[in-house]
Every structure is written in C-alpha cells, then in structure tokens.
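Observations on the model geometry
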Amino acid sequence: MLNFYEKAPLVDSNREVELFAFQEKIGIKFNNVELLNLAFTHTSYANECLGDVDNNERLEFLGDSVLGMVTAEYLFANFPTLHEGDFSRIKSWVVSENSLAEIAVTLDFERFLLMGHGEEIQGGRKKKAIIADAMEAVIAAIYLDQGLEVARGYVLSFMKGQVEKVLLNKQSDKDYK
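Keep in mind that what you see is a predicted model, and the values were worked out from it rather than measured. (Residues numbered from 1 in each chain as written. Predicted model: local features only at pLDDT ≥ 70, side-chain atom pairs only at ≥ 80, totals over all residues. Heavy atoms only, no water.)

Section: the packing of helix α4 (residues 57-78) against helix α5 (residues 84-94)
- Remark: α4 packs on α5, axes separated minimally by 10 Å, with the N-to-C direction vectors making an angle of 140°. Looking at the two axes, α4 sits oblique to α5. For the pair α4 and α5, the sense of crossing is right-handed. Where α4 approaches α5, its residues Gly68, Thr71, Ala72, Leu75 and Phe76 are matched on the opposing element by Phe87, Ile90, Lys91 and Val94. (Axes fitted to C-alpha atoms, helices over the stretch in contact; angles between N-to-C directions. Helix = DSSP H or I, 4+ residues; strand = E, 2+ residues; numbered from the N terminus. Parallel < 35°, antiparallel > 145°, perpendicular 65-115°, else oblique. Left-handed = near helix turned anticlockwise from the far one by under 90°. Contact = heavy atoms within 4.5 Å.)

With respect to helix α1 (residues 13-26)
- Its 14 residues place the ends of α1 20 Å apart at the C-alpha level, agreeing with the 20 Å of an ideal helix rising 1.5 Å per residue.
- Those residues of α1 lying buried are Arg15, Leu19, Phe22, Gln23 and Ile26. Angular distribution of buried residues about the axis of α1 spans 100°; they occupy a single face of the element. Looking at α1, the residues exposed on the side facing more than 90 degrees away from the buried face are Ser13, Asn14, Val17 and Glu24.
- Its side-chain oxygen 3.2 Å from the backbone nitrogen of asparagine 14, aspartate 12 forms the N-cap of α1.
- Downstream of α1 by one or two residues, glycine 27 has phi in the positive range, about 75°. (Expected span 1.5 Å × (residues − 1). Buried < 20%, exposed > 50% of the residue type's maximum accessible area, 1.4 Å probe, protein only. Arc of directions from axis to C-beta. Polar contact = N/O pair within 3.5 Å; in protein donor to acceptor, adjacent residues only side chain to side chain.)

Things to note about the pattern of salt bridges
- Following the criterion strictly, the structure yields eight salt bridges and no others.
- The partner of lysine 25 in a salt bridge is aspartate 108, and the shortest N-O contact between them spans 2.9 Å. Here the residue lysine 25 occupies a position in helix α1, and aspartate 108 occupies one in the loop between α6 (97-106) and α7 (109-112), the gap between them amounting to 83 residues.
- Through salt bridges with shared partners, a single ionic network connects Glu73, Glu149 and Arg152. (Salt bridge = Lys/Arg side-chain N within 4 Å of Asp/Glu carboxyl O.)

Notes on the side chain of glutamine 23
- As for its placement among the helices and strands, glutamine 23 is situated in helix α1.
- Look at glutamine 23 and you get buried, because its relative accessible area is 8%.
- Among the polar contacts made by the side chain of glutamine 23, one reaches the main-chain amide nitrogen of phenylalanine 30 at a distance of 2.6 Å.
- Apart from residues no more than four positions distant in its own chain, glutamine 23 is found in contact with Ile28, Lys29, Phe30, Val33 and Leu36.

Re the packing of aromatic side chains
- Counting across every chain of the model gives eight aromatic pairs.
- Considering the side-chain rings of tyrosine 154 and phenylalanine 158, the 5.5 Å spacing of their centres and the 75° angle between planes classify their relative orientation as edge-to-face. Of this pair, tyrosine 154 and phenylalanine 158 both sit in helix α10 (residues 148-171), four residues apart, which is roughly one turn of the helix. Each of the two residues, tyrosine 154 as well as phenylalanine 158, counts as buried.
- Ring pairs connect the aromatic residues Phe22, Phe40, Phe109 and Phe112, which therefore count as one cluster. (Phe/Tyr/Trp six-rings, centres within 6.5 Å; stacked < 30°, edge-to-face > 60°.)

Here's the deal with the confidence of the model for the chain
- For the chain, per-residue confidence averages 90 on the pLDDT scale, and 91% of positions sit at 70 or higher.
- Predicted confidence in the chain is weakest over helix α3 (residues 43-48), with a mean pLDDT of 82, and strongest over helix α9 (residues 128-146), with 97. (pLDDT = per-residue confidence, 0-100.)

Quick look at the environment of valine 155
- As for its placement among the helices and strands, valine 155 is situated in helix α10.
- Given a relative accessible area of 0%, valine 155 falls into the buried group.
- For the pair valine 155 and phenylalanine 87, spaced 68 residues apart in the sequence, the C-alpha separation amounts to 17 Å.
- If we ignore the near neighbours within four places in the chain, the residues touching valine 155 are Leu67, Val70, Thr71 and Ile139.

Printed below as a string of structure tokens:
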C-alpha cells in the first residue's frame, strides 16, 4: 500500500537540518520527517519537479478540520456563557487566513516552504494564503505523525492567544471579523 507521503520531495541533508530547526522551534519531534516536508510543499514546487511529487493540499484539508475541531472544543469547554453565534464568530476569526498567517510568520514558516521559481519571484513566501495553508498542513502532519493529543497541544499553544484577542476586540465593541 502506498503511503500518501511517499510522494513527498526528497529530504537531503540540508533539508533535514532545516526541518530539524522547525521541529526544535515547535517542540515536536516527527517520527516521519517526510510528512513534515510534504506539509511545507506548495503546489508550485510540486508542479516544477521532474518526478512524481505531491503537494500539501490534502494535508491542508485535514489540518483545517483538526484546527476547527480543537478550536470548537476549546471554546465549548472554556466559555460556558457564550452562545452558538458567539462561538461561530470567534472560531471563524481564529481559524481565518489572517489569524493563521499571523501565527505562521512568528514561527518563520516562510523559511521552510518549498515553492516553485515562479511563485517565489511573485512573493509567494509573503502571501498570507500560502503561509496559512502551510499552517493547516503542518497541523495535519502533526496529527498523522503524533496523534490527536499532540496536535491539540500544538493548536492550543497559539489558538488560546488568538481567542483572547477576539474577546478583547469584543469588549471594545469591534466586530470579530
């Protein structure tokens, strides 16, 4: 049976050092570094490779669900006086492109991205959508490699602060979005 990460780009010694630095930064050691490498592989890079190389889009899909579930669970458990509409508004901002890109930048995600030459020269490393998508893909990679509890811990490490920002904005009568 083919593992979905077998089409990840090759991890040479230089890339291994880069990915080790990321693992150190987030405090999670991957069992399968190819999975992490795939999480940082943008479509443009995969399209420019000669071999059969995959991209992070499938991981992004899964990571979005893990992120949403952990965020909903946190809100439900910790804010008993909030109503469903409040949960939805808070969650929509916390899992938004802007929020995820803000966190990803603090973790230097742009440094670890693999992207094609065309995307690179168009400023792809600074595009919020690309960085936020990679954040979701990394969440999925953590989930698949380490399990739900470790993925939950990773999400909560940044999400709690994002929720607090939203709640402070609510107190100042600003819209969640």
